[in-house]
2 protein chains.
Amino acid sequence: MPAFINVALDAMGGDNAPREIVKGALLAVGECDNVKVYLTGDKELIEKELRGQAYDTSRIEIVHAAEVIETAEPPVMAIRKKKDSSLVIGLNMVKDGTCSALISAGSTGAVLVGGQVLVGRIKGIKRPPLAPLIPTETGASLLIDCGANVDARPEHLLQFAQIGAIYMEHVVGIKKPKVAIVNNGAEEEKGNALVKETFPLLKNCPDINFIGSIEARDIPAGKADVIVCEAFVGNVILKLYEGVGATLIKMIKKGIMSTTRAKIGALLVKPALKKTLKAFDTEEYGGAPLLGLNGLVVKTHGSAKAVEIKNAVLQCVQFTEQKINEKIRVKLT
Amino acid sequence: MPAFINVALDAMGGDNAPREIVKGALLAVGECDNVKVYLTGDKELIEKELRGQAYDTSRIEIVHAAEVIETAEPPVMAIRKKKDSSLVIGLNMVKDGTCSALISAGSTGAVLVGGQVLVGRIKGIKRPPLAPLIPTETGASLLIDCGANVDARPEHLLQFAQIGAIYMEHVVGIKKPKVAIVNNGAEEEKGNALVKETFPLLKNCPDINFIGSIEARDIPAGKADVIVCEAFVGNVILKLYEGVGATLIKMIKKGIMSTTRAKIGALLVKPALKKTLKAFDTEEYGGAPLLGLNGLVVKTHGSAKAVEIKNAVLQCVQFTEQKINEKIRVKLT
């Protein structure tokens, strides 16, 4: 019997916990033969969700946690005080080697702080970047960094580029991924002080396929696979992506319900439209990995449902099988 | 006879010059009684476009310019060397007081450099911001700054907020416009070094209705009227707005043409959809003003057609009638 890949899953984090989290775990063990999921959280509540479900009982295990970290709690304090929370217990299982990864839909701040404090950075990694996959016309690109630590230095951005390239090549399966830096123009002389200092570092890095600057306009078209930026800018890109998408879809729905003629058309258009918009849905991509840690920590949307959780688990399996952290250690440290 | 408001219009700038620019001038003088437009550019070409058109000949005048600044030219050099270009001649007409404003669809770099070098800053204004109106669910917001000068300091952002508030109140007609600063979180302790330093300046400024931080997600929903940010971030927001919108619309079109059923629906939906998307079209807003100069300089899209040009002219009239620069001088200097 081959050893399982063990993944800890915070069953209490997010708007739809524990129901959708547990459902996601069931989907994951159904789809993938060699994963074992440790559900951390309130034993009774989790058992209630599992009751009546058919699944390989050797591959889902409950680890009781008496506490839950709420979204509104100050992250540093929460991680320090709530040692018996579903998140801290899960992170400690990565730290002690029981699990290779932890997934949580809970407080972003607590996940980021907990990942760094409890799981810890790979030696030589200056800042662990949070790197969500964002949908594009041609598939998805890795946006690195969207984390909590803003005002990065050029050497941080260089590491983001290298880590991002490894991830896209070996987890997502893009050969020689195109790496670009977010800039306010395509010309080499453009940029703020940070970009101008970072550009030559990226240009001279033999590990990556650097294609130069990318303007924000070209991100949704999928012109680069790894989009390197400082976390403040990454946050603006990620959230504006969601915001423009949501507003536009809302306006379109309102538009096609505004006349009787259009309403009839809407009925006919709906199935095809739904399929298209699904391809542009960030939830399809299974959450954002916090990279450069001694293990993997994945933050999903707070609103994550079972499919996103399942995709996150599969992502963790791929990450572990591809020995991403060993590759990062060899290349970067 | 009341004095006209004189506006210089670079007839040679942009992808559709001179045809759409001249058309825009004709629309503007047709719609507004007290504007006079000076078309700068190749006399013969402009005359050709005017031939056969009915218009008040006392309110459109051609000012011949033998040269044109191309988009690819280095801006500083182009402004210095091409003294006989349609752009430089137009800018000099603002400088010498013949016109109160200049509009160009030509090279953004040349317009920004030329505005600052030839028209010059209002005394006390540290950096003239470029401030496009961006569409939102509820109307439009002013995004200030999207100019070429990145890495602004807190005192610059404070001026942007004050100038932006004056513009939104008196040109767009929003009473007590809500001013917000772009941030990576809604909480006051969030932000990069620049935002953290700027926040108290905005909070303590009695001239503006400061509502705090705005996350990029909330910009398209229209939660603030004046969106204050540093130019690098402003550039990312503006271009991602266009990029996500364009990609999403492209994907939706593809989606609703993917099945026969959907194609029939598309025919019925089209008119209502077109109307909706028009409301989310940046071209409706008549270009981006470069503010804080001794006069007004407006940059329209390179792809601007007649309606955008007309809207830009009307914006210049409003700006002049409302004595915006006097208001800026009183409040800021």
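Figured I'd write up the structure that's included with this text. (Residues numbered from 1 in each chain as written. Chains lettered and ligands numbered in written order. Predicted model: local features only at pLDDT ≥ 70, side-chain atom pairs only at ≥ 80, totals over all residues. Heavy atoms only, no water.)

1. Observations concerning the overall build of chain A
What chain A contains, in helices and strands, is 11 helices and 11 strands. Its C-alpha radius of gyration of 20 Å places chain A within 12% of the 20 Å reference for a compact globule of 333 residues. Overall, chain A is about 65 × 60 × 40 Å in size when its C-alpha atoms are taken along their principal axes. Per-residue burial over chain A gives 58% buried out of 333 residues. Counting contacts in chain A only where the partners sit at least 6 residues apart, residues at least 24 apart contribute 70% of the total. Carbon and sulfur atoms provide 53% of the accessible area of chain A, an area that totals close to 13,900 Å². (Helix = DSSP H or I, 4+ residues; strand = E, 2+ residues; numbered from the N terminus. Rg over C-alpha atoms; globule rule 2.2 N^0.38 Å. Buried < 20%, exposed > 50% of the residue type's maximum accessible area, 1.4 Å probe, protein only. Contact = heavy atoms within 4.5 Å. Areas by Shrake-Rupley, 256 points an atom, 1.4 Å probe, with all protein chains shown as cover.)

2. Description of the interface of chain B and chain A
Across the boundary between the two partners, chain B contributes 52 residues, which contact 52 residues of chain A. Across the chain B to chain A interface the summed buried area is about 4,800 Å²; carbon plus sulfur atoms make up 73%. Three residues, Phe 232, Leu 240 and Met 251 of chain B, lead the burial of chain B against chain A; their summed loss comes to 14% of the area buried on that side. Applying the counting criterion to the chain B and chain A interface returns 6 salt bridges. Inspection of the region where chain B meets chain A yields 10 residue pairs in polar contact (both at pLDDT 80 or more). Of all the secondary structure elements, the ones that give two or more residues to the side of chain B that touches chain A are helix H7 (193-203), helix H8 (231-256) and helix H9 (260-279) of chain B. The element contributing the most residues to the side of chain B that touches chain A is H8 of chain B, with 20 residues. Looking at the side of chain B that touches chain A residue by residue, the class counts come to 32 nonpolar, 12 polar and 8 charged. (Buried area = accessible area lost by both parts, 1.4 Å probe. Salt bridge = Lys/Arg side-chain N within 4 Å of Asp/Glu carboxyl O. Polar contact = N/O pair within 3.5 Å; in protein donor to acceptor, adjacent residues only side chain to side chain. Nonpolar A, V, L, I, M, F, W, Y, C, P; charged D, E, K, R; others polar.)

3. Overview of helix H4 (residues 86-95) of chain B
All names here are of chain B. H4 sits mainly inside the fold: 8 of its 10 residues count as buried. Restricting attention to buried positions, one finds in H4 the residues Ser 86, Leu 87, Val 88, Ile 89, Gly 90, Leu 91, Met 93 and Val 94. After H4 finishes, the residue Gly 97 shows a positive phi value of roughly 90°.

4. Digging into the packing of helix H6 (residues 154-172) of chain A against helix H11 (residues 324-332) of chain A
Residue and element names in this part refer to chain A. Packing of H6 against H11 leaves a shortest axis separation of 10 Å and a crossing angle of 140°. Between H6 and H11 the crossing geometry is right-handed. Packed against H6, whose contacting residues are Gln 159, Gln 162, Ile 163, Ile 166, His 170 and Val 171, the element H11 presents Ile 324, Lys 327, Ile 328, Lys 331 and Leu 332 at the interface. Residue composition of the contact of H6 with H11, by class: 6 nonpolar, 3 polar and 2 charged. (Axes fitted to C-alpha atoms, helices over the stretch in contact; angles between N-to-C directions. Left-handed = near helix turned anticlockwise from the far one by under 90°.)

5. Regarding the packing of aromatic side chains
Applying the stated criterion across every chain yields a total of 4 aromatic pairs over all chains. With a centroid separation of 6.2 Å and 45° between ring planes, the pair formed by Tyr 167 of chain A and Phe 319 of chain A is classed as tilted. Within this pair, whereas Tyr 167 of chain A is found in helix H6, its partner Phe 319 of chain A is found in helix H10 (residues 306-321), the two being separated by 152 residues in sequence. A residue is classified by how much of its surface remains accessible, and Phe 319 of chain A, at 4% relative accessible area, is buried. Seen from their ring centres, Phe 199 of chain B and Phe 210 of chain B are 5.2 Å apart, and the 75° between their planes marks the pair as edge-to-face. Of this pair, Phe 199 of chain B sits in helix H7 while Phe 210 of chain B is found in strand S8 (residues 209-214), placing the two residues 11 residues apart along the sequence. Summarising the burial analysis for this pair, Phe 199 of chain B and Phe 210 of chain B share the class buried. (Phe/Tyr/Trp six-rings, centres within 6.5 Å; stacked < 30°, edge-to-face > 60°.)

6. Looking at the pattern of salt bridges
This structure, assessed with the given rule, holds 29 salt bridges over all chains. Here Lys 310 of chain A and Glu 31 of chain A are joined by a salt bridge, their closest N and O atoms 3.3 Å apart. In this pair, Lys 310 of chain A is assigned in helix H10 and Glu 31 of chain A in helix H1 (residues 19-31), connecting sequence segments 279 residues apart. Residue Lys 310 of chain A is classed as buried on the basis of its relative accessible area of 13%. With a shortest N-O distance of 3.1 Å, Lys 43 of chain A and Glu 47 of chain A are connected by a salt bridge. With Lys 43 of chain A and Glu 47 of chain A both in helix H2 (residues 43-50) and 4 residues apart, the pair spans about one turn of that helix. Salt bridges here are not isolated pairs; linked through shared partners, they connect Glu 215 and Arg 217 of chain A together with Lys 239 and Glu 242 of chain B.

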